[in-house]
Every structure is written in structure tokens, then in C-alpha cells.
Amino acid sequence: MRRGAYIRQLKRDIEAWIAASVITPQQAEEMLRTAGPPETRQSIPFILAMLGAILLAFGAMTYVAANWQGLGKLERLIILGGTMTATYATAAVLFARAMPAYAQAAVLLGTALFGVNIMLVGQTYHMSAQWPDGILLWAVGTAIAALVVPSRPALALAILLFGLWSFGVTSLTDDPHLPYAIPFVVLLTAAWIWKWRAGLHLLAISFLVWSAINLAFFVANRDWDETHLFTLYVLIAVAIFGFTKIRSKYVFETALTRYGLFALFFSFFLLQLSGGAKETEMGWLIMVGVFASFCTLAIVLALISDNLRLMDAGVLIALALLAIAAPYLIEKGGYVAQYAYSAFYIGLTVWAVDYGLENDDRFFVNLAFTAFGIEVLWIYFTTFSTLLDQAIFFIVGGLILIVSAVVLERVRRQLLTADGGES
Amino acid sequence: MRTAVNVVLVLAIQLGLLGYMIWDRMLILQAGVPVELSVEPVDPRSLFRGDYVILTYKISQLNTNTLEGDDTFERNDLVYVELVKGLEEWEAVALYQELPATPATDNQVFVKGRVHRAYLRSNVAAPVTDLGTDTPQIDRPDGESDQSGLELSIKYGVESYFVPEGEGRALEDARNEDRMSVLLAVAKNGTAAIKQLIVDGEVYHEEGLF
């Protein structure tokens, strides 16, 4: 449960306990004090200041595109340095006057202007180097701002820019881009030390996207089939989920487990869509061996730490084995095998609902129902579209969707209500 | 107060990075070897960077079989193209994976580029039918036709020329009538920068230091 939600729930409970004479008002005050102040929320002025900074940055870019020709080279360079200097000077003054929210907005604007200036210098001197080089320079400057000031908004921008840089290099070279690990570790360390949840979320998402893209390029370079790729995705997802459970009650545990679940659904959904593989190379088998070892290690450690039920471990092992066998089974079994994998996918949703109810995590239940709905849609579109004519297809589909939506939502609410009542 | 000082430090670092970009370019424009090349521009539009003309040079498309030096290149590799001043214009004579140690003479320069695409041409001549052949012919300097070798598309970092909005069309017309060339400045390390844009033999635009 998020901390803010917990405090609000605690306040409601305390009122009920006082009314029932379970605790005294003095005890209630002590309880609330030890629970800590409510989670600080970003103020409206701060959000407005950030949005204003972003709008100003876009305005600067548009100005660059539309009005640069009227200015001489020296004038342009003076404007470049001047706007950036004025922005950072404003930030410094705002920090000195103890107005950190507005100062952070000014820092974000400064980093955005730094990027605009890189583009404008490139334009002024007719440079047309590979575009990721420019993004890298922007990202480095932004990361320096984030770490030196320090500035969370700048760190967020740096995370996005380094991701964009890595994607740019990968798309230009068609090769996985491992140097991304260097800025990633630096930014991760900063976000971890600052205990900045939003930054850690952004980094987790960046890492998942980076992994998926780079592994896809790695597999494509070897002419392996898509099923080979999706098998590796599933194994990585199993390993991620397992490793999140090797300890209990640590910061970010809930979020990491949710990312693991999302990765499981995403990867297994792709796997069941794939068409198998005619040939399997030794290189792929070696990779499977490595990732399967990670999965085994994670599951064993999670079981030892008593943070994973036997049933959960069984599901993870089954997913890994199904993924490893997929290239062969789907190739040999054809449609029958694909439908079998669809059934396994639905089994995964059932497990996720059970896990969510057991661990009081509604995200698991909601994601499982979403995944189930997407699966039903996919089955409907891929099977009945060939059997029914178009009008009946849409009418029947519409009815099935409406009835399914009502039934699913009712079941979901009943499950959550029943679980809430028990606890 | 300490944070305010940090902000000033960040500003100094970022201005330093921008300053290095400008300084590096100024050095090339000031001391680089001038190399004039004919071009074939087109006129696309960039969302954030205003109007610009894409410049394609004869040395943007080279074949390893028609040139001396190294033969093995892959996409994204660095390539140093040796240019020699001919009677009419500068011509590519060799390709190298690394910058040659031999100092360039007044009529010789090495330009650094990056392989954008690399693909093999078949050694087997395409059959000639009534419909003709789609296989492009490569003319060697000695007049022979050759269809083999590694075809390289090379970028030198001087493929964009930014112009005031609307002027791209006029330059495109000059391209169509074969009236345009570019004077590059090439540094000793092979980095090239656009020094002049020349139309009808006249300087259309010259890059000053400031």
C-alpha cells in the first residue's frame, strides 16, 4: 500500500477505534505521530512551474526553427549563451531565496535550453554528425546538472535522454549497445541515494525497454526466430520476478514485483503468438542455459528466504520450461500447440489473481483481468474472423465483449470484496 | 547558498561544452585545407532545425574496387578517403580504415567519414534482355565497367546546409542546373566543415568565424 493511502486508512481506523473506546485520543495522537507525516505531495505551483518550463523549452525550439535566419552568427551565439546564463542565474537566485520548487523548474529549463543550444550550434556551423552524438552531449550536460545541483527533474530528463541516445546508436549500428550500462548505473545510484521513487520507476521502465530492444537486435543479428527471442524474454521475466522475492520487506519490493509480473505477461503473450522455430543454434541453447541458471538461482533463493510459496515457484518453473520448449513444440504442434500456450497464458492470469489476493495486491488482480481480456480479444479476432461473415462477426463480438466486461468486472469486485472482508 | 553556487558551476560546464563545439569548428574553418566538391542538393524540412539542404557529393558513394587502400568495411565503420586535386576537381583515390601516417601534400587530403551503408556488388554481369538491366554500372577511371566490389555510402558530417526559410528551393534549382559546389575545410585529423557554398562560380555564402 502506498504510504499516503496507508496514513489515510490509519486515520479512518483510529477514528473508529476512538469511537469504540479501543484507544484513547492521546494514544491516537501518538500512533499518528509515529506513523509520520502524510506523504508530501507536489504542490500545484511546483507542477505549474514545471509545465511552464517545458512550454518555454518548446517555445525556444520553435523559435530556433522559425527565426534564426534574421540573426548574424555572433548574435546567435550571444543569444545562446545569454538565455542559458539568464535561466541558470534565475535558478541560482531562486535557490538563494529558498524557493526550491521554482528554482528546480529553472534548472529543468536550463537543461532543455542546453539541448536547444547544441542543435543551434550544429545548425549555425552546418554540422550533421550522427544524431545520437548530439543527444549524448545533451544527456551528459543534463546529468551533470542533475548530480551537481542536485536536481530530480534534470535527472528524469537525463534518464530519458540516455535512453534515447542508446536507442539511436542501436538503430544506427543494428547492434546491442552495452555502454548504456555506464550512465544507467550512475543515474541509478543517484536515484537510490536520494530515495526518489519516481526516478527509480523511470529507471526500471528504461531498463526493461532497453533490455527488450537490445535483445531483439542481438537475436536478429543471428537470424534466430522470433520464438527464440520471446523464449529469452520469458526467462528474463521469470528471473526478474524471482529475484524480487529473494528478500522481503525491502524498499521498492512491491513495485519491482509488479514490474516482474508485467514482464511475465508481456513476454508470455508474445510467445504464444509466435510460430515456433525450424532450427535451433547452439548459441541460443547456451543463452537459454545462462538465463535458466539465473531463474533457478532466483527461485531457490526466494524459496530459502520463505518469500515465495511452493505453488508460485511451480508456476515460475513451468513458465520457464514452457518457454524453453516453445520453439520445438509450437513448430511441431502448430495451431494445437498455440492454443495450448493460450491456455497456459490464461492459467497464468488465474495464478496472478490468486497471488494478488494472497498478498493483498490489487495491481496483480487488475493486471491479470486486463491480460485475460486482451487474450480473449486476441482469440476472438484470430479464430472467429475466419469462420463468421463480417456483420455477424462484429455483432457477436460486440455482445461477447459487453457480457464479458460485465461478468469480469463483477467477478473482480467480488474477489476483491471477499478478500477485503476476510482480512 | 551552496546550491546556488552549484548552479553556477553547472552553467560553466555546459557553456564550456558548447564553447568547445564552437572552438573546434572555428579551428577547422581557419586552418583546414580548402577542398571544392560539386554537389547534388535536395530540399527537405526539419521540424526543429528550420530549412536545410541535403548535400550529396560524388565521394558520398564509393566502390572499393575502383579505389586503392583497404577493401573491408562495415556499416558504421570510420573511413578515411584520400582525395587528390585533379585538373578540374578533387577526386577520391583511396580508402583507409585508419588515418594514414603519410602527411598530406598541398594537392592531397584525407577526409574522415563514416560508412552509412555497405553492400556487395555481384561479379556476375546481369543478363541483358529486351527490357534492359537494372544493375547499375560503375565507371572506372580507365573507362572500364565494373560491377564487383563493396559499394559504400559514406557520411562526412557536411551533408546539411541550413538556409533561411524558403531559400532551399533556389538552391535546389541551382542543383538541377549543375551550378553548385561546396568548399570544404578539412582539418589534419580528417574532420571536414563547410566553408563556402558556391553557385554559378560565385560565393553564395561564406562561413565566417563569427
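Reading guide: rules and limits
- Residues numbered from 1 in each chain as written.
- Chains lettered and ligands numbered in written order.
- Predicted model: local features only at pLDDT ≥ 70, side-chain atom pairs only at ≥ 80, totals over all residues.
- Heavy atoms only, no water.
- Helix = DSSP H or I, 4+ residues; strand = E, 2+ residues; numbered from the N terminus.
- Patch = residues over 30% accessible without salt bridge, like charges linked within 9 Å, V, L, I, M, F, W, Y side chains within 5 Å.
- Areas by Shrake-Rupley, 256 points an atom, 1.4 Å probe, with all protein chains shown as cover.
- Salt bridge = Lys/Arg side-chain N within 4 Å of Asp/Glu carboxyl O.
- Lys, Arg positive; Asp, Glu negative; His and termini not counted.
- Charge placed at Lys NZ, Arg CZ, Asp CG, Glu CD.
- Buried < 20%, exposed > 50% of the residue type's maximum accessible area, 1.4 Å probe, protein only.
- Pairing = 2+ DSSP bridges.
- pLDDT = per-residue confidence, 0-100.
- Contact = heavy atoms within 4.5 Å.
- Buried area = accessible area lost by both parts, 1.4 Å probe.
- Nonpolar A, V, L, I, M, F, W, Y, C, P; charged D, E, K, R; others polar.
- Polar contact = N/O pair within 3.5 Å; in protein donor to acceptor, adjacent residues only side chain to side chain.
- Expected span 1.5 Å × (residues − 1).
- Phe/Tyr/Trp six-rings, centres within 6.5 Å; stacked < 30°, edge-to-face > 60°.

### Here we look at unusual backbone geometry
Note: most residues except glycine have negative phi, and most peptide bonds are trans. Residue and element names in this part refer to chain A. Of the consecutive residues Val-149 and Pro-150, the connecting peptide bond is found in the cis state with omega at -10°. Within the element layout of this structure, Pro-150 appears in the loop between helix H6 (131-148) and helix H7 (152-173). Look at Ala-98: it is not a glycine, yet its phi comes out positive at around 60°.

### Regarding a negative patch on the surface
Taken together, Asp-223, Asp-225, Glu-226, Glu-279 and Glu-281 of chain A make up a surface patch of like negative charges. Checked against the element boundaries, Glu-226 of chain A lands in helix H10 (residues 226-244).

### Brief notes about the pattern of salt bridges
Applying the stated criterion across every chain yields a total of 8 salt bridges over all chains. Between Lys-58 of chain B and Glu-89 of chain B there is a salt bridge, with its nearest N and O atoms 3.1 Å apart. Remark: Glu-89 of chain B occurs in the loop between strand E6 (78-85) and strand E7 (90-96) and Lys-58 of chain B occurs in the loop between strand E3 (50-54) and strand E4 (61-63); sequence separation between them is 31 residues. Taking relative accessible area as the criterion, Glu-89 of chain B reaches 23% and is therefore assigned partly exposed. Connected through salt bridges with shared partners, the residues Arg-309, Asp-312, Asp-354 and Glu-358 of chain A form a single ionic network.

### So, the pairing of strand E14 (residues 192-199) of chain B
All names here are of chain B. A large share of E14 lies buried, amounting to 7 of its 8 residues. The loop that links strand E13 (residues 180-186) with its antiparallel partner E14 comprises 5 residues; one of these, Gly-190, has a positive phi angle of about 95°. Where E14 and strand E15 (residues 202-206) come together, 4 bridges link them in antiparallel fashion. Across the sheet, Val-199 pairs through a bridge with Glu-202, a residue of E15. Counted along the chain from E14 to the antiparallel partner E15, the turn is 2 residues long, and its residue Asp-200 has a positive phi close to 55°.

### Some remarks on the confidence of the model for chain B
Residues and elements named next belong to chain B. Of the residues in chain B, 78% reach a pLDDT of 70 or more, and the chain-wide mean stands at 79. For chain B, per-element mean pLDDT is lowest for strand E9 (residues 138-139), which scores 42, and highest for E6, which scores 93. In the model, residues 43-48 has pLDDT below 50 throughout and makes 16 contacts with residues more than four positions away in sequence or in other chains. In the model, residues 124-146 has pLDDT below 50 throughout and makes 24 contacts with residues more than four positions away in sequence or in other chains.

### Considerations on the environment of Gly-201 of chain B
Among the secondary structure elements, Gly-201 of chain B is positioned in the loop between E14 and E15. Taking the C-alpha atoms as reference, Gly-201 of chain B lies 7.7 Å from Met-180 of chain B; in sequence the two are 21 residues apart.

### Quick look at the interface of chain B and chain A
Residue-level contacts link 40 residues of chain B with 45 residues of chain A. For the pair chain B and chain A, the summed buried surface comes to about 3,700 Å²; carbon and sulfur atoms form 69% of the total. If you look at where chain B meets chain A, you find 1 salt bridge. A salt bridge links Asp-174 of chain A to Arg-75 of chain B; its shortest N-O distance comes to 2.8 Å. Looking at the side of chain B that touches chain A, the elements that each hand over two or more residues are helix H1 (2-31) and strand E12 (160-162) of chain B. Of all the elements, H1 of chain B adds the most residues to the side of chain B that touches chain A, at 18 residues. Of the residues in the side of chain B that touches chain A, the class split is 25 nonpolar, 8 polar and 7 charged.

### Focus on the side chain of Gln-108 of chain B
All names here are of chain B. Topologically, Gln-108 is positioned in strand E8 (residues 108-121). Assessed through its relative accessible area of 14%, Gln-108 is described here as buried. Side chain to side chain, Gln-108 and Glu-82 meet in a polar contact 2.6 Å long.

### What about H10 of chain A?
Spanning 19 residues, H10 of chain A covers 27 Å between terminal C-alpha atoms, matching the ideal 27 Å at 1.5 Å per step. Burial analysis of H10 of chain A places 15 of its 19 residues in the buried class, the great majority of the element.

### Description of the packing of aromatic side chains
Each aromatic ring pair is described using two quantities: the centre-to-centre distance and the angle formed by the ring planes. Residues and elements named next belong to chain A. Following the criterion strictly, the structure yields 19 aromatic pairs over all chains and no others. Where Tyr-180 meets Phe-184, the ring centres are 5.8 Å apart and the plane angle is 40°; that geometry is what we call tilted. In this pair, the class of Tyr-180 matches that of Phe-184, namely buried. Aromatic side chains Phe-184 and Phe-207 sit 5.4 Å apart centroid to centroid with 35° between the ring planes, which places their arrangement in the tilted category. One end of the pair, Phe-184, is in helix H8 (residues 181-193); the other, Phe-207, is in helix H9 (residues 197-221), with 23 residues separating them in the sequence. A residue is classified by how much of its surface remains accessible, and Phe-184, at 13% relative accessible area, is buried. An aromatic cluster is built from Phe-265, Phe-268, Phe-269, Tyr-341, Phe-344 and Tyr-345, whose rings are joined through pairwise contacts.

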